[in-house]
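Residues per chain are reported as follows:
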Amino acid sequence: MIDVSNVYKSFGQNHVLKGVNLKVHDGKSMVIIGASGQGKSVILKCLLGLTKPNSGKILLNGVDPNSAQKNIILSKVGMLFQGGALFDSLPIWQNVAFRYLHGKQKINASEARKIAIKKLERVGLEKSFADNFPSQLSGGMQKRVALARAIATQPEIIFFDEPTTGLDPIMAQVINNLIRELVVELGVTAVTITHDIQSVRSIADEVAFLHNGVIQWTGYLNQLDKSNNKYLKQFMAGSTDGPIGTLR
Amino acid sequence: MIGLTAQTGRIFLTFCSFIGELIIFCVRVFANILTPPFYMRAFFSSLIHIGWLSLPVVGITAFFTGGALALQIYAGGARFNAEEVVPSIVAIGMVRELGPVLGGLMVAARVASSIAAEIGTMKVTEQIDALSTLSTDPIKYLVVPRLIAAFLTVPLLVGVGDSIGILGGYVVGVTQLEFNNTIYLINSINYLELWDILSGLVKGAVFGCIIALMGCFFGMRCEKGARGVGQATKSAVVSASVLILAANYFLTEAFFTS
Ligand SMILES: Nc1ncnc2c1ncn2[C@@H]1O[C@H](COP(=O)(O)OP(=O)(O)OP(=O)(O)O)[C@@H](O)[C@H]1O
Ligand SMILES: [Mg+2]
């Protein structure tokens, strides 16, 4: 269970989050949508304890990710960063198997490599790439390696920051299916940020729409098109006319 | 006038918060040295990068410095007919002062910059954030191995540099200044005391810590973009160099005035 209540976050004079409330139940998939620059990535960073909110409360399975106990929860969390954030000094398979090569979940290297290759295949990457370095891969391939790393240790909670941007439509659907499978078959709790409406429809149980620093609308996927929220209506229509400006 | 005072006050406050940040960073690093896990692989690769790959730079610098020192001392000594002090002064000067300081400065230029650029790039591309989410403490994984590697290898580099510097003096002394080669070698060693050598090595260890800490500190607080990485690299080299020269003075005072 992820419980975010009344979270404020500002960077200097830039007030990004102004009282965000969000609940995600175990084994459910929440998709956060919203215009560019509205603070979606900042929410995920707060959830992971990478950025400390100015005020408000965050609990992941009852643990505050900004407290000293954060390691208890972080070992059960996977994260796909918007930019991938692969370790460019390590080969692909060591990136994917990072948790199995270091720290508490350490196992022997050849086992770790086998797991890494299996995960790479799940995101549609051949095993011949395992020994390449991230810089030798295309943008979309790097994104998929990062995804493989996020799911490598079978986490209970996974955050995906734009999992399908930079992918072709076929590969995007492979990833959408993968995320759905993780939620339905393995009971993972997923929070996904995406701009891709097709993805929203494939992945989401529930949808939250962030605008002007607050969650403007939240509901089940089938209610998404019936909402009367003027911001959400414009967003879903992709129209340039409406309350959401085009200069941001 | 008020503007100037406000400006000065602001700069002073920024400076204080910077020093505070640095102290907190050092405390965190030293607290992390004592607790497991220890990343062996990162440590060995740091040993290679900081120690082994710095050998050529340090060696060449020391060789030419030793040679130039021999020429200078010969010219100076000739003014009061004391040319024969060349070998012993070259040896003492290299071992006590020039070996550690020049070695330290060369390693600072090579290593502090590369550490700051590497860690800074990792910070900018969110790799440091990724480390934390993978339950790995960035200080333990990135800083501690580099610090220990620098602490161990810079004294060794200083030792090698000392010997090569003395060799440089010997080559110049024998080929240019017509010293007898046996007498040169005997005089080099005869007046050298063990503490001369050890003090230089201790300086090397301190300089190693300064280099690694400055590289890591400025890398970790690197700001976004290529410009941020450039700034971090520059600050790391400049502050490591200045701190090395300052520490050298205080260590020399502590060791040799009593
Ligand atoms: N570390 C930071 N320092 C200062 N400002 C930041 C920082 N991180 C984010 N911001 C600001 O917070 C705001 C929201 O950024 P965020 O990355 O969360 O947007 P986003 O909703 O993820 O957008 P996109 O869909 O384009 O990725 C932006 O105005 C950005 O400038
Ligand atoms: Mg974002």
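Every residue gets a number counted from 1 within its own chain, in the order that chain's sequence is written. Labels follow written order: the first chain is A, the first ligand is 1, and so on. Local features in a predicted model are, by the rule used here, given only for residues with pLDDT of at least 70; side-chain atom pairs are given and counted only at 80 or more, and totals for whole chains, interfaces and linings are based on all residues. Values reported for side chains reflect all heavy atoms of the structure, with hydrogen atoms and water molecules removed beforehand.

Let's shift gears to the packing of helix α1 (residues 2-33) of chain B against helix α6 (residues 138-175) of chain B. Two packed helices can be described by the angle between their axes and the distance between those axes. Residue and element names in this part refer to chain B. Note on geometry: axes are lines fitted to C-alpha atoms, helical ones only across the stretch in contact, with angles between N-to-C directions running from 0 to 180 degrees. Runs of E in the DSSP output that reach at least two residues are strands. Runs of H or I that reach at least four are helices, and both are numbered from the N terminus. In the contact formed by α1 and α6, the axes pass within 10 Å of each other and the chain directions differ by 85°. Here α6 runs roughly perpendicular to α1, going by the angle between their axes. Taken together, the residues of α6 that come into contact with α1 (itself represented by Phe-25, Arg-28, Val-29, Phe-30, Asn-32 and Ile-33) are Ile-139, Lys-140, Val-143, Val-144, Leu-147 and Ile-148. The scheme is simple: roughly parallel for angles under 35 degrees, roughly antiparallel for over 145, roughly perpendicular for 65 to 115, oblique for anything else. The contact definition used throughout considers only heavy atoms, calling two residues in contact when any of these lie within 4.5 Å.

Moving on, we come to the interface of chain A and chain B. The interface is formed by 19 residues belonging to chain A together with 15 residues belonging to chain B. A pair is scored as a salt bridge if a Lys or Arg side-chain nitrogen falls within 4 Å of a carboxyl oxygen belonging to Asp or Glu. Taken together, chain A and chain B are joined by one salt bridge. In this structure, Lys45(A) and Glu126(B) form a salt bridge, with 2.6 Å as the shortest nitrogen-oxygen distance. Counting of polar contacts relies on pairs of N or O atoms within 3.5 Å, with two restrictions inside protein: one atom must be capable of donating a hydrogen and the other of accepting it, and residues adjacent in sequence are counted only when both atoms are side-chain atoms. In this structure, the connection of chain A to chain B is made through five residue pairs in polar contact (both at pLDDT 80 or more). Looking at the side of chain A that touches chain B, the elements with two or more residues in it are β5 (77-80) and α4 (98-101) of chain A.

All right, on to the site of ligand 1 then. Residue and element names in this part refer to chain A. Neighbouring residues are identified by heavy atoms, a residue being near a molecule or strand if any of them is within 4 Å of it. Taken together, the neighbourhood of ligand 1 is formed by 14 residues, with Ser-36, Gly-37, Lys-40, Ser-41 and His-195 sitting nearest. Gln-38 places a polar main-chain atom, nitrogen or oxygen, 3.2 Å from an oxygen atom of ligand 1. In the model, an oxygen atom of ligand 1 is placed 2.8 Å from a nitrogen or oxygen of the Lys-40 side chain. For every accessible area listed, the method is Shrake-Rupley and the probe measures 1.4 Å; residues are considered covered only by the protein chains on display. Within the complex, the protein chains bury 63% of what would otherwise be the 630 Å² of accessible surface of ligand 1. At the level of secondary structure, the elements contributing two or more residues to the shell around ligand 1 comprise β2 (14-24) and α1 (40-47). In terms of residue count, the dominant contributor to the shell around ligand 1 is α1 (three residues).

The rule is short: rings of Phe, Tyr and Trp, with Trp giving its six-membered ring, pair when the centres are within 6.5 Å, and they are stacked under 30 degrees, edge-to-face over 60, tilted in between. Applying the stated rule across the entire model yields 17 aromatic pairs over all chains. Between the aromatic rings of Phe209(A) and Phe235(A), the centroid separation amounts to 5.3 Å while the plane-to-plane angle is 55°, which identifies the pairing as tilted. Here Phe235(A) lies in helix α9 (residues 230-237) and Phe209(A) lies in strand β8 (residues 206-211), a separation of 26 residues in the sequence. Pair check on accessibility: Phe209(A) and Phe235(A) agree, each one buried. Three or more aromatic residues joined by ring pairs make a cluster, and in this case those are Phe87(A), Phe98(A), Tyr39(B) and Tyr141(B). In this structure, Lys9(A) packs its charged tip against the face of Phe11(A), placed 5.1 Å from the ring centre. Only when the NZ of Lys or the CZ of Arg is both within 6 Å of the ring centre and within 35 degrees of the ring normal is a charge said to sit over the ring. In this structure, Arg149(A) packs its charged tip against the face of Phe87(A), placed 4.8 Å from the ring centre. For every residue, the accessible area (1.4 Å probe, protein chains only) is compared with the maximum for its type, and the residue is labelled buried under 20%, exposed over 50%, or partly exposed between those bounds.

What follows deals with helix α5 (residues 109-122) of chain A. Residue and element names in this part refer to chain A. Any helix carries an expected span of 1.5 Å times its number of residues minus one. Between its terminal C-alpha atoms α5 stretches 20 Å, which fits the 20 Å expected from 14 residues at 1.5 Å a residue. For α5, the full list of buried residues reads Ala-112, Ala-116, Ile-117, Lys-119 and Leu-120. Along the axis of α5, the buried positions cluster into a sector of 165°, meaning they face one direction only. In α5, the exposed positions angled more than 90 degrees off the buried face are occupied by Lys-114 and Lys-118. Of the residues one or two after α5, Gly-124 is the one with positive phi, at around 80°. Our arc is simply the arc of the directions from the helix axis toward the C-beta atoms.

The next subject is the sheet that holds strand β3 (residues 29-33) of chain A. Residues and elements named next belong to chain A. Should DSSP find at least two bridges between two strands, the strands are regarded as paired. A sheet is described by the order of its strands in space; here six strands give the open sequence β5-β6-β7-β3-β8-β9, paired in mixed fashion. Edge positions in the sheet fall to β5 and β9 (214-220), since each has one partner strand and no second. Strand after strand, the sheet turns through a mean of 15° between neighbouring axes, direction not considered. In this sheet, β8 lies alongside β3 in parallel orientation, the contact comprising four bridges. In the sheet register, Val-31 faces β8, and the bridge partner there is Val-207. Across the sheet, α1 is in contact with β3, β5, β6 (157-161), β7 (189-193) and β8; its angle to β6 comes to roughly 155°. Contacts from helix α7 (residues 169-186) reach β3, β6 and β7, with the element oriented near 160° to β6.

What follows concerns the coordination of the magnesium ion (ligand 2). All names here are of chain A. Listed as protein donors to the magnesium ion (ligand 2) are Ser-41 (OG) and Gln-82 (OE1); their distances from the metal cover 2.0 to 2.2 Å. Taken as a pair, Ser-41 in helix α1 and Gln-82 in the loop between β5 and α3 (92-96) lie far apart in primary sequence, 41 residues in all. A relative accessible area of 22% places Ser-41 in the partly exposed class. Given a relative accessible area of 37%, Gln-82 falls into the partly exposed group. Nitrogen, oxygen and sulfur within 2.8 Å of a metal are treated as its donors, or within 3.2 Å for sodium, potassium and calcium (Na, K, Ca); water is not counted, so a site can appear incomplete.

Moving on, we come to the nonpolar core. We call a set of buried Ala, Val, Leu, Ile, Met, Phe, Trp, Tyr and Cys residues a nonpolar core when their side-chain atoms join them within 4.5 Å. With 85 residues, the main nonpolar core has Ile2(A), Leu47(A), Phe159(A) and Phe25(B) as its most contacted residues. Setting aside residues up to four positions removed in sequence, Phe25(B) forms contacts with Ile139(B), Val143(B), Leu213(B), Cys216(B), Phe217(B) and Met220(B). Core analysis: the next-biggest nonpolar cluster, separate from the first, contains 51 residues, Ala97(A), Leu120(A), Ile179(A) and Ala190(A) among them.

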